[in-house]
Structure formats: structure tokens, C-alpha cells
Amino acid sequence: MRDWLPFEWIAASRFLLEGRMQTISIVAGVSIGVGVIIFMSAALTGMQANFIRRVLSAQAHVVLLPPQEIARPLRREVAEAAIVQKPYQRVRSIDQWQKIMKEVGAMPGVRAVSPMAAGSALAVRGEATRAVTVMGVDPQLYFSIIPLPEKIVAGAARLTTSDIVIGTELASDLGVTVGDKLRIAPSTGEGATLTITGIVDLGSKGVNQRNTYVALHTAQALLGLIGGVSSVDIAVQDVYDAENIAQAIAAAEGVEADSWIVTNAQFFSAISAQIVANTTIRFFVGLAIAFGIAAVLIVSVVQKSKEIGILRAMGASRGQILRVFLLEGAVLGLAGSITGSLLGASAILLWRVYARFPDGTPYLPMELDPRLFVAAAVVATLTGLAAAVAPAVRGARLDPVVAIRG
């Protein structure tokens with residue numbers, strides 16, 4: 001069967017087998033590098049997914065708001081000298097919000113759209129009062145953006161006319177539970193007594209103390225927004241494209257559009273910094289792999305000079321010698337990527353089993369993504385091939401007479 005192999009494969013395999021220790025060393029080095037890259041990439045992906053899940057657990061990707069009111073001087077001739085204070089931004093409805101929802105829902109990249117009527121109020125239970133945010137939602141639409149039923153710790157996410165869902169911290173502060181009555185008193189308009197149907201944990205103490213959820217028409221009546229909504233929540237397909245979509249919506253619809261990227265600018269900057277740091281580390285690890293393969297092959301060219309000269313004298317062309325060393329580099333990279341992938345997968349599996357909090361939850365969720373292993377194998381093989389270019393060119397340029405005499 002060996003007789004059917006091309007000359008380049010036979011020569012490359014002979015060179016690699018004769019320098020077994022060098023081959024084993026470089027494959028081990030590539031394996032460690034690939035394993036580190038895979039583990040770091042999985043850790044970064046898990047960290048980002050965990051952060052995104054925490055930040056967006058109770059927040060839409062994009063929120064549409066009515067344009068802010070702007071105070072203007074009454075007389076044009078005193079406009080320059082006038083000191084115009086920014087007016088109080090009262091709760092207002094978005095004009096033609098049904099039309100805007102329909103148009104935004106048809107935009108590319110938008111996954112779900114839901115109206116909301118939100119405003120401040122007091123939650124009263126006996127002598128205890130707490131300032132809260134009343135959030136009136138359409139359950140069928142809103143739950144496709146924020147999975148509220150999955151976060152319920154007591155009761156159910158039922159929102160009819162007389163129902164209310166509150167956060168765990170607010171329930172604790174007021175001493176209430178499912179089935180109790182709670183009076184909601186807005187700053188304007190008449191209040192209403194609602195029945196607590198569910199208690200929700202949104203993953204943030206501040207949010208759990210503040211957020212309350214009622215039916216959309218209930219909030220409209222409480223806040224004086226009959227037939228109107230104060231905002232429109234949007235979920236997008238790609239959370240990292242939220243700002244671009246928000247800008248497109250603002251330009252097309254004439255409303256204020258805030259993406260989670262802008263409202264959580266510091267958090268997004270931290271994620272971007274992590275991505276840059278991880279990419280930099282992977283680049284230098286790949287560079288170290290390339291130099292290691294190149295160094296081994298250069299040594300191989302020097303050690304095999306006489307063999308190369310004999311092969312050239314026997315009729316081997318420069319192109320064949322070039323391909324011999326390119327094959328060596330590709331084989332070293334591929335072998336290292338395969339063993340490195342196994343090493344990285346083992347490290348991820350061990351992490352998932354042993355790196356856990358006392359309650360059994362993982363420190364950091366890490367998934368085995370097949371695309372990551374394929375990408376690592378391709379990159380490592382191409383790196384080995386690129387690293388072999390210089391040694392291959394050097395070997396191909398050897399003069400057979402000089403090489404044999406040397």
C-alpha cells in the first residue's frame with residue numbers, strides 16, 4: 001500500500017519518524033496551545049452568555065420611548081438670552097404606537113415586539129408603603145421578550161384585570177404572599193386594590209424591590225394612559241446588533257430608541273475588553289505554535305541536508321522538496337489540533353463536573369461547541385502549513401552538490 005503513496009508523503013513520513021522526539025515535542029506543544037485556546041474560548045463564551053442572561057433577564061433589547069418634551073422661549077427676540085429649563089418628563093403615550101409596532105415587527109433582525117404602560121406608584125399594605133414601578137404588559141407578547149413565567153418562585157404569572165405580580169424583595173418588605181391584596185396608588189388618578197397572583201425573582205435585589213407587573217389595560221387606567229403606551233419593548237435576534245437596530249428604528253419612526261448596549265455601556269465595555277484580551281492571548285498562543293513548528297522544521301532541513309541533496313540528485317524536483325516540508329508542517333498542526341481538541345474537551349468536562357458552588361450550580365457554564373473544535377483544527381493546520389513555508393523554501397533551494405558535500 002505504501003507504494004501507492006506519492007513521493008512527498010513517503011518522504012515527509014520518513015523525516016517525521018526519524019526525528020521522533022522532535023515530532024512528539026512539537027505535537028505536544030501544539031496540543032497544549034490548542035487545548036488552551038479551546039478552553040479559553042469556551043470560558044469566554046460561557047461568561048458572555050452568563051452576563052447577557054443576567055443583564056437581559058428583566059430588560060428588553062431595545063426600548064422605544066416618546067420623544068422628550070423640549071421647552072422653548074415664548075418670544076423669539078429673547079430666545080438667545082433666555083434660560084430655558086428642561087421640563088418635567090411626564091408619563092406620555094407614543095403617538096400611533098400600534099402602527100409603529102406593526103412596522104417595527106416587520107423589520108429584519110426583530111424577533112418580538114410588546115407594548116408597555118409604565119409609571120411610578122406607591123404599593124400600600126396596611127401601614128407599610130413602598131415606591132414601585134407599575135409595568136402594564138400584554139402577557140402573550142411580553143413573555144416572548146422577558147420569560148417571566150420561568151422566574152416565578154410562588155404562584156403563577158397570571159395577569160387579569162385585578163391581578164398583580166411582584167418581586168421577592170417587595171413581597172418580603174411588605175410581608176405579603178400569593179393571594180394577598182395590595183393597593184397600588186399612583187401619583188395621579190385613582191388607585192386600585194389588586195390580588196397578588198405571583199412572586200417573581202428577576203435576579204437583582206433592586207429590580208425585585210421595584211418592579212410590579214399588571215395587565216396593560218389596568219396600568220393604562222391607573223396611570224391615565226387610556227388607550228396609550230409609554231414604551232414599546234423589542235427583542236432582537238442578535239443582541240450585539242441591538243444598537244444598530246435601535247438607530248434604524250429611531251430614524252424610521254421618529255421615536256427615541258434605547259438599546260441595552262447604551263443603557264449598560266459600562267457592562268458592554270467590559271465584555272468588549274474581555275473579547276479583545278482573549279483574542280490577543282489566542283493570537284500570541286498561535287504565534288508561539290507557528291514559531292515552534294518553524295523552528296523544528298528548520299532544524300530538520302539542516303539535519304537532512306544530505307538526504308535532500310541525494311533526493312535532488314536522484315531526480316526530485318524543487319517543488320517536491322517544497323511539498324515535503326509543507327506536508328510536515330500541516331501534519332504537525334493537524335496532529336496537534338486533534339490531541340489538543342481532546343485535551344480541551346477533557347478540561348471542559350472536568351470543569352463542568354468539579355467547578356461548582358456548594359449548592360451544585362456551576363461557577364461558569366461552559367458548553368462543548370463542535371464548531372469551536374472544527375475551527376481550532378483548521379486554524380492549527382493552516383498555522384502549521386504557514387510555519388512550514390520558510391523551511392520548505394530553504395530546503396527546496398539547497399544545491400544538491402553542496403548539500404551532499406556538506
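Cut-offs and rules
Residues numbered from 1 in each chain as written. Predicted model: local features only at pLDDT ≥ 70, side-chain atom pairs only at ≥ 80, totals over all residues. Heavy atoms only, no water. Axes fitted to C-alpha atoms, helices over the stretch in contact; angles between N-to-C directions. Helix = DSSP H or I, 4+ residues; strand = E, 2+ residues; numbered from the N terminus. Left-handed = near helix turned anticlockwise from the far one by under 90°. Contact = heavy atoms within 4.5 Å. Nonpolar A, V, L, I, M, F, W, Y, C, P; charged D, E, K, R; others polar. pLDDT = per-residue confidence, 0-100. Phe/Tyr/Trp six-rings, centres within 6.5 Å; stacked < 30°, edge-to-face > 60°. Buried < 20%, exposed > 50% of the residue type's maximum accessible area, 1.4 Å probe, protein only. Expected span 1.5 Å × (residues − 1). Arc of directions from axis to C-beta. Patch = residues over 30% accessible without salt bridge, like charges linked within 9 Å, V, L, I, M, F, W, Y side chains within 5 Å. Areas by Shrake-Rupley, 256 points an atom, 1.4 Å probe, with all protein chains shown as cover. Salt bridge = Lys/Arg side-chain N within 4 Å of Asp/Glu carboxyl O. Pairing = 2+ DSSP bridges. 1 Å grid on protein atoms, 1.4 Å probe; cavity = no way out; pocket = protein on both sides within 12 Å on 5 of 7 lines; lining within 4 Å. Points joined across faces, edges and corners; volume = space filled by probe spheres on them. Core = buried A, V, L, I, M, F, W, Y, C linked by side-chain atoms within 4.5 Å. Polar contact = N/O pair within 3.5 Å; in protein donor to acceptor, adjacent residues only side chain to side chain.

**Observations regarding the packing of helix α2 (residues 20-55) against helix α13 (residues 370-387)**
Next, step 1: α13 packs onto α2 with a crossing angle of 145 degrees between their chain directions and a minimal axis gap of 10 Å. Both α2 and α13 take part in a crossing whose hand is right-handed. Residues Val34, Ile38, Ser41 and Ala42 of α2 lie in contact with α13, whose contacting residues are Leu372, Phe373, Ala376 and Ala380.
Next, step 2: In terms of residue class, the contact of α2 with α13 is built from 7 nonpolar, 1 polar and no charged.

**Topic: unusual backbone geometry**
Next, step 1: Look at glutamine 96: it is not a glycine, yet its phi comes out positive at around 50 degrees.
Next, step 2: Here glutamine 96 lies in the loop between β1 (62-65) and α3 (97-105).

**Remarks on the confidence of the model for the protein chain**
Next, step 1: Summary statistics for the protein chain give a mean pLDDT of 82 and a share of 91% for residues scoring 70 or more.
Next, step 2: Segment residues 76-89 is flagged for pLDDT under 50; beyond a separation of four residues in sequence, or across chains, it makes 13 contacts in the model.

**Some points on the packing of aromatic side chains**
Next, step 1: Across all of its chains, the model carries 4 aromatic pairs by this definition.
Next, step 2: Judged by centre distance (6.0 Å) and plane angle (75 degrees), the ring pair of phenylalanine 39 and tryptophan 351 falls under edge-to-face. Residue phenylalanine 39 is located in helix α2, and its partner tryptophan 351 is located in helix α12 (residues 318-354); the two are separated by 312 residues in the primary sequence.
Next, step 3: The exposure class assigned to phenylalanine 39 is partly exposed, which follows from its relative accessible area of 25%.
Next, step 4: Among the residues examined, tryptophan 351 registers a relative accessible area of 29% and is labelled partly exposed.

**Details of helix α1 (residues 7-18)**
Next, step 1: An ideal rise of 1.5 Å per residue puts 16 Å on 12 residues; α1 measures up with 17 Å between its terminal C-alpha atoms.
Next, step 2: Along α1, the positions that sit buried rather than exposed are Glu8, Ala11, Ala12, Phe15 and Leu16. Seen along its axis, α1 keeps its buried residues to an arc of 130 degrees; they face one direction.
Next, step 3: Where α1 is buried, its residues contact α2, α11 (305-313) and α12.

**Quick word on a nonpolar patch on the surface**
Next, step 1: Where nonpolar side chains cluster on the molecular surface, the patch consists of Phe283, Phe284, Leu287 and Phe291 and spans about 450 Å² of accessible area.
Next, step 2: Positionally, phenylalanine 283 belongs in helix α10 (residues 265-303).

**Brief notes about the pairing of strand β2 (residues 110-125)**
Residues in a regular strand point their side chains to alternate faces of the sheet.
Next, step 1: When β2 meets strand β9 (residues 231-236), the two strands line up antiparallel, connected through 6 bridges. Within β9, the residue paired with methionine 116 across the bridge is serine 231.
Next, step 2: Across 10 bridges, β2 lies against strand β3 (residues 128-137) in antiparallel orientation. When the sheet's bridge partners are listed, alanine 117 is paired in β3 with glycine 136.
Next, step 3: Between β2 and β3, which pair antiparallel and follow one another directly, the connecting turn spans 2 residues, one of which, glycine 126, has a positive phi of 65 degrees.

**Side note on the layout of surface pockets**
Next, step 1: By volume, the second largest pocket amounts to about 650 Å³.
Next, step 2: By residue number, the principal contributor to the lining of the second largest pocket is α2, which donates 4 residues.
Next, step 3: Of the residues that constitute the lining of the second largest pocket, the class distribution is 12 nonpolar, 7 polar and 7 charged.

**Re the pairing of strand β6 (residues 181-186)**
Next, step 1: Every second residue of β6 is oriented toward a common face, the buried set being Leu182, Ile184 and Pro186 and the non-buried set Lys181, Arg183 and Ala185.
Next, step 2: Here β2 pairs with β6 via 4 bridges, running antiparallel. Bridge pairing links leucine 122 to alanine 185 in β6.
Next, step 3: Across 4 bridges, the pairing between β6 and strand β7 (residues 192-200) is antiparallel. Of the residues in β7, the one forming a bridge with arginine 183 is threonine 193.

**With respect to the environment of alanine 375**
Next, step 1: With respect to the helices, strands and loops of the structure, alanine 375 is situated in helix α13.
Next, step 2: On the basis of relative accessibility, which here comes to 38%, the residue alanine 375 falls in the partly exposed class.
Next, step 3: Between the alpha carbons of alanine 375 and arginine 130 there is a distance of 53 Å; along the sequence they are 245 residues apart.

**A few points about the pattern of salt bridges**
Next, step 1: In the structure shown here, the tally under the stated rule is 5 salt bridges.
Next, step 2: In this structure, glutamate 103 engages lysine 99 in a salt bridge whose closest nitrogen and oxygen atoms are separated by 3.0 Å. In this pair, glutamate 103 and lysine 99 both sit in helix α3, 4 residues apart, roughly one turn of the helix.
Next, step 3: Between aspartate 163 and arginine 158 there is a salt bridge; the shortest N-O distance is 3.3 Å.
Next, step 4: On the basis of relative accessibility, which here comes to 46%, the residue arginine 158 falls in the partly exposed class.

**Looking at the nonpolar core**
Next, step 1: Formed by 49 residues in total, the largest nonpolar core has its most connected members in Leu64, Ile166, Ile184 and Ile234.
Next, step 2: In terms of residue count, β2 provides more of this core than any other element does, 5 residues in total.
Next, step 3: Core analysis: the second largest hydrophobic core is formed by 27 residues, Ile37, Ile38, Val285 and Ala380 among them.

**Here's the deal with the side chain of serine 230**
Next, step 1: Relative to the helices and strands, serine 230 is located in the loop between α7 (216-223) and β9.
Next, step 2: Residue serine 230 is classed as buried on the basis of its relative accessible area, which comes to 9%.
Next, step 3: At 2.8 Å, the side chain of serine 230 forms a polar contact with the backbone nitrogen of alanine 118.

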